[in-house]
Structure formats: C-alpha cells, structure tokens
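What the coordinates show
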Amino acid sequence: MVQLIDGKALAKEVRAEVKTRADAFRATHNRSPGLHVVLVGDDPASQVYVRNKERAAAKAGIEGRVHRLPAETSEADLLALVFELNGDDHIDGILVQLPLPDHLHDQSIVDAIDPAKDVDGLHPFNSGLLVVGRKGLRPCTPSGCMRMLEHVGCDPKGKRALVLGRSTLVGKPIALMLLEKHATVTIAHSRTEDLAERVRESDIVIAAVGRANLVQGDWIKDGAVVIDVGINRLDDGTLTGDVDFDGAKDRAAYITPVPGGVGPMTIAMLLSNTVDAAEARIM
Ligand code: NAD
C-alpha cells in the first residue's frame with residue numbers, strides 16, 4: 001500500500017526546528033538571523049513566491065526584508081544593491097528572485113552574492129563545495145527532496161536512483177546529493193533514450209522536468225520511492241507533477257503529491273539555510 005509523503009507536514013516540522021534555532025540565535029547574539037530578498041519587476045508568480053518567503057521567514061523568527069525594484073533596473077544598480085547587502089553584517093542570507101527581466105543576466109548577479117550569504121545555494125563556489133563533498137549552502141529544492149527521503153527512512157546507499165532533469169537548480173545538485181549518499185545515480189535528460197527502461201530499473205525516482213505525466217505509472221518499479229518536483233498547470237487550471245500519480249501510486253512504496261509535496265519543502269529549506277548561514281558567519 002503506497003504512502004504519501006506529506007510535504008506540508010514535513011515542512012512544518014522543519015520550520016519549527018528553524019524557529020527554535022532562530023530564537024536561540026537571537027538570545028545569544030541580540031539579533032535575529034536576517035534574510036533579504038531582492039525582487040526585480042512585477043512578474044506575478046515571482047511576487048507570490050516572494051510574499052510566501054517573507055511570511056514564512058517572519059513566522060520562523062527570521063528578520064525578513066524584501067527589496068522591490070522596478071523592471072527597468074540596470075545591472076549596475078542591482079549589483080550595487082547586492083554589494084551593499086554583502087557588506088551589511090546583520091544580513092545573513094541574500095536571495096535574488098529568479099528569473100530576472102531579460103536585460104539582466106541571472107548568473108552575473110548570482111556570482112556577485114557573497115557565497116557565505118548565498119542561501120539559494122546557486123553561487124558557483126557553493127556548487128563547487130557540493131561537487132567535492134564539503135559543507136556549504138546547498139540549493140533548497142534538492143535539499144528538501146533529500147530531507148523527504150530521510151523522513152521516510154529511505155537510505156539511498158547502494159540503491160539505483162534516477163534523476164530526470166539536469167538543471168543547475170534541481171537536477172544536477174540532487175544527483176550529486178544522492179551520489180554523496182552512495183546511490184548509483186543515473187541522470188536522464190531531453191536526449192535520453194529508453195526513459196521507460198531507466199525508470200523501470202530505479203528504486204528512487206526524482207522527476208524534475210516540467211512536463212505533465214511524462215513518467216507513466218506502469219514504468220514505476222514495485223516498491224520504489226517517487227519524488228515529483230515538477231509543477232505543471234493543466235488547461236483546467238489544476239496543478240500536476242511530472243509523474244502520472246494515479247498510475248504510480250499502485251506500484252510505489254512512497255510518493256509525493258503535487259501540490260503539497262516538494263513545493264512547501266523548498267521554502268522551509270531556504271529558512272534552514274538562512275539559520276545555517278547566520279550560525280556559520282558568527283563562528
Ligand atoms: P529546467 O527547464 O531548467 O530543466 C528541465 C530539465 O528537464 C532539463 O535538464 C531537460 O534536459 C530535462 N528534460 C526535458 N525533457 C526531458 C525528457 N523528455 N526526459 C528527461 N528529461 C527531460 O527546469 P527546472 O528549473 O529544473 O524545474 C523542473 C521542474 O521542477 C519544473 O516543473 C519546475 O516548475 C519545478 N520546480 C519545482 C520546485 C518546487 O519547489 N517544487 C522548485 C524548482 C523547480
């Protein structure tokens with residue numbers, strides 16, 4: 001019988017842990033951990049994400065602030081703000097909401113963030129630490145997926161894990177995290193042949209593509225753990241993942257729903273990274 005991995009409930013648990021740590025930090029250092037989010041332009045989805053981060057930070061005892069800049073902000077002005085935040089000792093985490101408007105280069109801006117404050121874990125220095133297996137700030141969504149595996153007692157050691165998608169944001173870092181936990185990892189991408197075969201042989205499937213029902217239910221190996229990162233909006237407005245949930249749930253041991261799976265974990269891990277950054281900076 002399949003079990004759902006309830007991302008909302010687990011995220012609540014993570015946020016409670018963060019609050020305890022944030023309160024202890026404040027008691028010792030007379031200030032709360034500080035998270036500054038930079039939002040450029042008026043993309044509606046980004047506005048919702050940023051508002052959710054702001055609210056979640058406040059509830060977790062983190063001093064959150066959002067810098068809302070007009071869409072036509074120049075690269076020089078945005079860089080000047082990032083450097084100012086880098087230099088402010090009371091700020092532990094800096095997050096620039098991506099994607100930026102077209103005239104700005106996402107990577108150049110991320111490269112300007114102090115790696116010690118890079119709570120999105122996307123700075124190449126932090127990516128490098130992950131590659132060599134050292135401690136550092138790690139991307140939030142992959143960290144959330146790993147926490148979900150841990151929560152259901154799934155030890156990746158020796159297991160065959162398949163990651164669908166090879167983005168810098170999700171696919172590549174989650175593959176490295178699974179490798180670090182001694183899984184035998186395969187990364188599938190847009191040019192992969194025999195995707196069905198790769199899924200059939202996998203004990204752990206992490207789907208991060210962005211195509212509704214790409215993974216068919218009858219491809220899933222009996223007893224597999226399925227983490228669906230994909231978020232796809234169907235014509236009727238409903239959200240769905242990359243995995244055919246109804247088919248997969250007859251075979252999987254554990255599966256994440258969409259919505260209510262990985263999504264809530266991402267913000268919780270961002271808050272956790274902020275407290276990690278605050279603690280590491282004052283050591
Ligand atoms: P992306 O577009 O950057 O990457 C998609 C990847 O899928 C690419 O590497 C591509 O090679 C691969 N791909 C395309 N077709 C494929 C196929 N047929 N088989 C296997 N791989 C294929 O996307 P992303 O930023 O990595 O996000 C992936 C999905 O995860 C999206 O739906 C996104 O909305 C979602 N997402 C969710 C969260 C969350 O918090 N739940 C966070 C980030 C991303």
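Up top you'll find the structure we're talking about.
Anyway, here's the lowdown on the structure attached to this text.

About the thresholds
Residues numbered from 1 in each chain as written. Predicted model: local features only at pLDDT ≥ 70, side-chain atom pairs only at ≥ 80, totals over all residues. Heavy atoms only, no water. Near = heavy atom within 4 Å. Polar contact = N/O pair within 3.5 Å; in protein donor to acceptor, adjacent residues only side chain to side chain. 1 Å grid on protein atoms, 1.4 Å probe; cavity = no way out; pocket = protein on both sides within 12 Å on 5 of 7 lines; lining within 4 Å. Sits in = over half its atoms within 2 Å of the grid points. Helix = DSSP H or I, 4+ residues; strand = E, 2+ residues; numbered from the N terminus. Points joined across faces, edges and corners; volume = space filled by probe spheres on them. Nonpolar A, V, L, I, M, F, W, Y, C, P; charged D, E, K, R; others polar. Axes fitted to C-alpha atoms, helices over the stretch in contact; angles between N-to-C directions. Parallel < 35°, antiparallel > 145°, perpendicular 65-115°, else oblique. Left-handed = near helix turned anticlockwise from the far one by under 90°. Contact = heavy atoms within 4.5 Å.

1. Here's the deal with the site of the ligand
- Not every one of the 21 residues close to the ligand is listed here, only the nearest: R166, S167, G210, I231 and T266.
- For the ligand, an oxygen atom lies 3.2 Å from a polar atom in the backbone of S190.
- Contact between the ligand and T266: an oxygen atom at 2.7 Å from a side-chain N or O atom of the residue.
- Most atoms of the ligand, that is more than half of them, are within 2 Å of grid points of the largest pocket.
- Sorting elements by how many residues they give to the shell around the ligand places helix α10 (residues 262-281) first, with three residues.

2. Examining the layout of surface pockets
- Considered as a void within the structure, the largest pocket measures approximately 1500 Å³ in volume.
- Taken together, 49 residues form the lining of the largest pocket, with Y49, T141, I231, G263 and T266 sitting closest to its centre.
- Residue assignment for the lining of the largest pocket shows that the elements contributing at least two residues are α2 (44-59), β4 (93-96), α4 (106-112), α6 (140-151), β9 (232-233) and α10.
- When residues of the lining of the largest pocket are assigned to their parent elements, the largest contribution, eight residues, is made by α2.
- Counted by class, the lining of the largest pocket contains 26 nonpolar, 14 polar and nine charged residues.
- In this structure, the second largest pocket encloses a volume near 880 Å³.

3. Here's the deal with the packing of helix α1 (residues 7-29) against α10
- The contact between α1 and α10 brings their axes to 9 Å, and the two run at 20°. On the basis of their axis angle, the class for α1 and α10 is roughly parallel. In terms of crossing hand, the pair formed by α1 and α10 is left-handed. Here α1 contributes G7, K8, L10, A11, V14, R15, V18, R21, A22 and F25 to the contact with α10, which in turn contributes P264, M265, A268, M269, L271, S272, V275, D276, A278 and E279.
- Across the contact of α1 with α10, the residue classes tally to 13 nonpolar, two polar and five charged.

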